[in-house]
Amino acid sequence: MPLLMPVILGSVRSDRQGVKAARFITRSLESRGCEAPVVDPLELNLPLLDRMYKEYHKGEAPEVLERLAELFRRADAFVVVSGEYNHGIPPGLSNTLDHFLEEYFWRPSAIVCYSGGRFGGVRAAMQLRAMLCELGTPSIPSLLPIPEIGTALTVDGDPEMPWLDKAASRFVDELVWYAEALRRQRTGGTPY
Ligand SMILES: Cc1cc2nc3c(=O)[nH]c(=O)nc-3n(C[C@H](O)[C@H](O)[C@H](O)COP(=O)(O)O)c2cc1C
């Protein structure tokens, strides 16, 4: 069974650059044999948080949340693609993540961060790391920061910087290791 790793995209702006980073990491994951469906809150027209998925009575959650919950329950890891807005997590990303909780548990996550500038979104990534931990999907040690996203990747998500493929390959190696380890461990049950 291939590892299933939803790629959660956090920007909903019409001129967003984040789709390029999502395309890039999705291809890297697929080239390692992983399934990497993109979760795009803009395409899904994900509502602003009213009730969390678990707060709906069974069968009464909006269909989009039902579909995402089903995907997340089958997932082995989550790849979170985050820009940096005012040194923090983009609101579209925290809105997307906040709809769920138990669906993330006992699975690792990995952060692909980016920004228009030189720092590659790492300040937002530090906050995101704390948030993912609280959600029950601790992030792997490495980040994949993409600085100068405007020119680092083409519209199709092909790298213009030669080092990006190597960095992504190491990052995916690490994530696959954690995802396989926790998948094995989940087969023996979870504490709750
Ligand atoms: C509201 C807002 C705040 C931003 N704040 C930062 C910032 O703190 N640091 C930074 O490096 N870039 C910042 N930027 C520039 C973003 O890194 C750049 O626009 C990036 O493309 C945003 O991701 P997106 O296009 O996928 O939405 C900001 C952009 C926006 C729209």
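Calculation rules
Residues numbered from 1 in each chain as written. Predicted model: local features only at pLDDT ≥ 70, side-chain atom pairs only at ≥ 80, totals over all residues. Heavy atoms only, no water. Near = heavy atom within 4 Å. Polar contact = N/O pair within 3.5 Å; in protein donor to acceptor, adjacent residues only side chain to side chain. Areas by Shrake-Rupley, 256 points an atom, 1.4 Å probe, with all protein chains shown as cover. Nonpolar A, V, L, I, M, F, W, Y, C, P; charged D, E, K, R; others polar. Core = buried A, V, L, I, M, F, W, Y, C linked by side-chain atoms within 4.5 Å. Buried < 20%, exposed > 50% of the residue type's maximum accessible area, 1.4 Å probe, protein only. Helix = DSSP H or I, 4+ residues; strand = E, 2+ residues; numbered from the N terminus. Contact = heavy atoms within 4.5 Å. Pairing = 2+ DSSP bridges.

1. Side note on the site of the ligand
Every one of the 14 residues lining the ligand counts as a neighbour, but Ser11, Arg13, Gln17, Tyr85 and Tyr114 are closest to it. Between the ligand and Tyr85 there is a distance of 2.5 Å, counted from an oxygen atom to a side-chain nitrogen or oxygen. When isolated, the ligand has an accessible area of 610 Å², and the protein chains bury 74% of it. A per-class count over the shell around the ligand returns three nonpolar, seven polar and four charged.

2. Regarding the nonpolar core
In this structure, Met5, Ile25, Leu29, Val112 and Ile146 are the most contacted members of the largest nonpolar core, which totals 31 residues. At the level of elements, β1 (7–9), α1 (18–31), β3 (78–82), β4 (109–114), β5 (139–146), α6 (149–152) and α7 (163–187) are the ones that each hand at least two residues to this core. In terms of residue count, α7 provides more of this core than any other element does, seven residues in total. In this view, Ile146 contacts Ala21, Phe24, Val112, Cys113, Tyr114, Ser115, Gly120, Ala152, Leu153 and Leu164; residues no more than four positions away in its chain are not counted. Counting 28 residues, the second-largest nonpolar core is a separate cluster that includes Val39, Tyr56, Phe78 and Ile111.

3. A look at the pairing of β3
Here is the key point about a regular strand: its side chains alternate between the two faces of the sheet. Within β3, five of the five residues are buried, which leaves it mostly tucked inside the rest of the structure. Residues of β3 alternate between two faces, with Phe78, Val80 and Ser82 on one and Val79 and Val81 on the opposite face, all of them buried. Here β1 runs beside β3; their pairing, made up of three bridges, is parallel. Note that in β3 the partner of Ile8 across the bridge is Val80.

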